[in-house]
Amino acid sequence: MAQLYWQTVGDGKQDLVLLHGWGLNAQVWQTLIPRIASQFRIHLVDLPGYGRSQNFSPMNIQSMAETLWAQAPKNAIWLGWSLGGLVASRIALDHSKEVKGLITVASSPCFGAEDNWAGIKPDVLLNFEKQLSADFQRTVERFLALQTLGTESARDDARTLKSVVLAQPIPTVDVLNAGLESLRTEDLREELKNLAIPFLRIYGYLDGLVPRKIVGILDEMYPESKSVMIRQSAHAPFISHPDEFSKYLIEFSNQLDKP
């Protein structure tokens with residue numbers, strides 16, 4: 001029977017659930033943990049089919065959200081990076097009375113590019129889907145390299161991401177393709193206009209997958225939310241700038257506790 005990998009660490013009182021991005025697993029948060037462990041009770045989860053959460057069939061965003069929610073703590077802050085941002089957003093939308101706050105990192109409510117909407121061109125994601133079957137490891141490595149492009153620490157950051165992938169069981173091609181399909185087709189833009197809980201969006205200025213030009217658009221769409229731009233980072237700001245990133249998480253959590 002399939003089981004979620006779910007580890008809890010930290011000494012804080014506030015529950016914080018961390019959801020990783022496409023192709024990766026919860027090990028991606030290791031540099032962050034020592035910086036925030038005194039502030040949070042941190043829940044490290046491998047999404048269904050990824051890392052140590054093996055034997056799950058390929059899932060869409062809704063199914064992933066339902067699977068996670070079945071064993072999730074109530075009144076937690078949910079943080080999702082990239083693809084994980086879609087899952088965290090879905091959970092916040094479906095269970096807003098039992099979620100304390102939502103943080104999305106280098107994520108978009110709609111990753112696919114459209115007219116007047118910056119994102120990843122659909123043919124790029126379709127090509128990745130085709131290439132996965134032909135050359136699995138090279139395709140994943142190319143996608144990881146895209147996530148760090150342009151930063152001063154790009155080579156080291158890409159190496160970190162690659163080591164995270166290789167350290168745990170590799171997702172199947174079907175699971176990875178389902179993730180790419182979600183990135184290509186999921187659209188939460190309208191639903192998130194009605195989100196009634198605190199919402200923080202963190203971006204990397206150099207991100208090539210979630211272009212910075214959408215930040216201002218989302219600021220207008222979600223005026224009750226707050227956005228933060230980390231200037232010298234790309235798609236993985238918590239790896240390239242862990243201290244600055246941690247500061248924003250702690251500030252957000254502290255604001256929630258103010259009367």
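Residues numbered from 1 in each chain as written. Predicted model: local features only at pLDDT ≥ 70, side-chain atom pairs only at ≥ 80, totals over all residues. Heavy atoms only, no water.

Description of the overall build of the protein
Part 1 of the reasoning: Scanning the protein for helices and strands turns up 11 helices and 7 strands.
Part 2 of the reasoning: Rg of the C-alpha trace for the protein: 17 Å, near the compact-globule value of 18 Å for 259 residues, within the 12% margin.
Part 3 of the reasoning: Dimensions of the protein, computed from the C-alpha atoms along their principal axes, are close to 55 × 45 × 35 Å.
Part 4 of the reasoning: For the protein, buried positions account for 56% of its 259 residues.
Part 5 of the reasoning: A fraction of 77% describes how many contacts in the protein between residues 6 or more apart in sequence connect residues 24 or more apart.
Part 6 of the reasoning: Carbon and sulfur atoms make up 47% of the accessible area of the protein, which amounts to about 11400 Å² in all.
Part 7 of the reasoning: Separation of charge centres in the protein, based on 25 positive and 29 negative side chains, amounts to 4 Å. (Helix = DSSP H or I, 4+ residues; strand = E, 2+ residues; numbered from the N terminus. Rg over C-alpha atoms; globule rule 2.2 N^0.38 Å. Buried < 20%, exposed > 50% of the residue type's maximum accessible area, 1.4 Å probe, protein only. Contact = heavy atoms within 4.5 Å. Areas by Shrake-Rupley, 256 points an atom, 1.4 Å probe, with all protein chains shown as cover. Lys, Arg positive; Asp, Glu negative; His and termini not counted. Charge placed at Lys NZ, Arg CZ, Asp CG, Glu CD.)

Let's talk about the nonpolar core
Part 1 of the reasoning: Formed by 90 residues in total, the largest nonpolar core has its most connected members in Trp-22, Trp-29, Leu-68, Trp-78, Trp-81, Phe-238 and Leu-249.
Part 2 of the reasoning: At 7 residues, the largest contribution of residues to this core is made by helix α3 (residues 83-94).
Part 3 of the reasoning: The residues contacting Trp-78, other than those within four sequence positions of it, are Trp-6, Val-17, Leu-19, Leu-68, Trp-69, Ala-72, Ala-88, Ile-91, Val-99, Gly-101, Leu-102 and Ile-103. (Core = buried A, V, L, I, M, F, W, Y, C linked by side-chain atoms within 4.5 Å.)

Here's the deal with the pairing of strand β6 (residues 199-204)
Part 1 of the reasoning: Counting buried residues in β6 gives 6 out of 6 residues, a clear majority hidden from the surface.
Part 2 of the reasoning: Taking every second residue as pointing to the same face, both faces of β6 are buried, with Phe-199, Arg-201 and Tyr-203 on one and Leu-200, Ile-202 and Gly-204 on the other.

Concerning the pattern of salt bridges
Part 1 of the reasoning: Applying the stated rule across the entire model yields 13 salt bridges.
Part 2 of the reasoning: A salt bridge links Arg-189 to Glu-114, with the shortest nitrogen-to-oxygen separation between them at 3.1 Å. Of this pair, Arg-189 sits in helix α8 (residues 189-192) while Glu-114 sits in the loop between β5 (99-105) and α4 (122-134); the two residues are 75 residues apart in sequence, bridging distant segments of the chain.
Part 3 of the reasoning: Take Glu-114: its relative accessible area is 42%, and that puts it in the partly exposed class.
Part 4 of the reasoning: Residues joined by salt bridges that share partners form a network here, namely Arg-90, Asp-94 and Glu-191. (Salt bridge = Lys/Arg side-chain N within 4 Å of Asp/Glu carboxyl O.)

Some thoughts on the UniProt feature "active site" (unreviewed entry) in the protein
Part 1 of the reasoning: Using the residue numbers shown here, the UniProt feature "active site" (unreviewed entry) corresponds to Ser-82, Asp-207 and His-235. Sequence-wise these annotated residues cover 154 residues; spatially they are packed, their C-alpha atoms never more than 11.0 Å apart.
Part 2 of the reasoning: Within the secondary structure, Asp-207 sits in the loop between β6 and α9 (213-221).
Part 3 of the reasoning: Along the chain, His-235 turns up in the loop between β7 (226-230) and α10 (237-240).
Part 4 of the reasoning: Judged by relative accessible area, which is 1%, His-235 ranks as buried.
Part 5 of the reasoning: Sequence-distant contacts of His-235, defined by excluding residues within four places in its chain, comprise Trp-81, Ser-82, Ala-106, Gln-147, Asp-207, Leu-209 and Val-210. (UniProt positions renumbered as here; feature names shortened; annotations may be inferred.)

Here's the deal with the packing of aromatic side chains
Part 1 of the reasoning: Throughout the structure, instances matching the rule amount to 8 aromatic pairs.
Part 2 of the reasoning: An angle of 65° between the planes, with centres 4.7 Å apart, marks the rings of Trp-22 and Phe-143 as edge-to-face. Taken as a pair, Trp-22 in the loop between β2 (14-19) and α1 (33-36) and Phe-143 in helix α5 (residues 136-148) lie far apart in primary sequence, 121 residues in all.
Part 3 of the reasoning: In this structure Phe-143 comes out as buried when scored by relative accessible area, which is 3%.
Part 4 of the reasoning: Considering the side-chain rings of Phe-199 and Tyr-222, the 6.1 Å spacing of their centres and the 45° angle between planes classify their relative orientation as tilted. Of the two residues, Phe-199 sits in strand β6 while Tyr-222 sits in the loop between α9 and β7, which places them 23 residues apart along the sequence. Each member of the pair, Phe-199 together with Tyr-222, is buried.
Part 5 of the reasoning: Taken together, the ring pairs in this structure connect Trp-29, Trp-81, Phe-238 and Phe-245 into an aromatic cluster.
Part 6 of the reasoning: Across from the ring centre of Tyr-5, 3.8 Å away, lies the NZ or CZ of Arg-52, which sits over that ring. (Phe/Tyr/Trp six-rings, centres within 6.5 Å; stacked < 30°, edge-to-face > 60°. Lys NZ or Arg CZ within 6 Å of the ring centre and 35° of its normal.)

Observations regarding the packing of α4 against helix α7 (residues 173-185)
Part 1 of the reasoning: At a closest axis distance of 10 Å, the pairing of α4 and α7 adopts a crossing angle of 175°. One finds that α4 runs roughly antiparallel with respect to α7. Contacts between α4 and α7 pair Pro-122, Leu-125, Leu-126, Phe-128, Glu-129, Leu-132 and Ser-133 from the former with Val-173, Leu-176, Asn-177, Leu-180, Glu-181, Leu-183 and Arg-184 from the latter.
Part 2 of the reasoning: A breakdown of the residues in the contact of α4 with α7 according to their chemical character gives 9 nonpolar, 2 polar and 3 charged. (Axes fitted to C-alpha atoms, helices over the stretch in contact; angles between N-to-C directions. Parallel < 35°, antiparallel > 145°, perpendicular 65-115°, else oblique. Nonpolar A, V, L, I, M, F, W, Y, C, P; charged D, E, K, R; others polar.)

Considering the UniProt feature "binding site: substrate" (unreviewed entry) in the protein
Part 1 of the reasoning: Per the UniProt record, "binding site: substrate" (unreviewed entry) is found at Trp-22, Ser-82, Leu-83, Phe-143, Leu-144, Ala-145, Leu-146, Gln-147 and His-235.
Part 2 of the reasoning: On the basis of relative accessible area, Leu-144 is assigned to the buried category, the value being 3%.
Part 3 of the reasoning: If we skip the residues at most four places from it in the chain, Leu-144 touches Leu-24, Leu-161, Lys-162 and Val-165.
Part 4 of the reasoning: Here Leu-146 is to be found in helix α5.
Part 5 of the reasoning: Excluding its chain neighbours within four sequence positions, the residues that come into contact with Leu-146 are Phe-128 and Leu-209.

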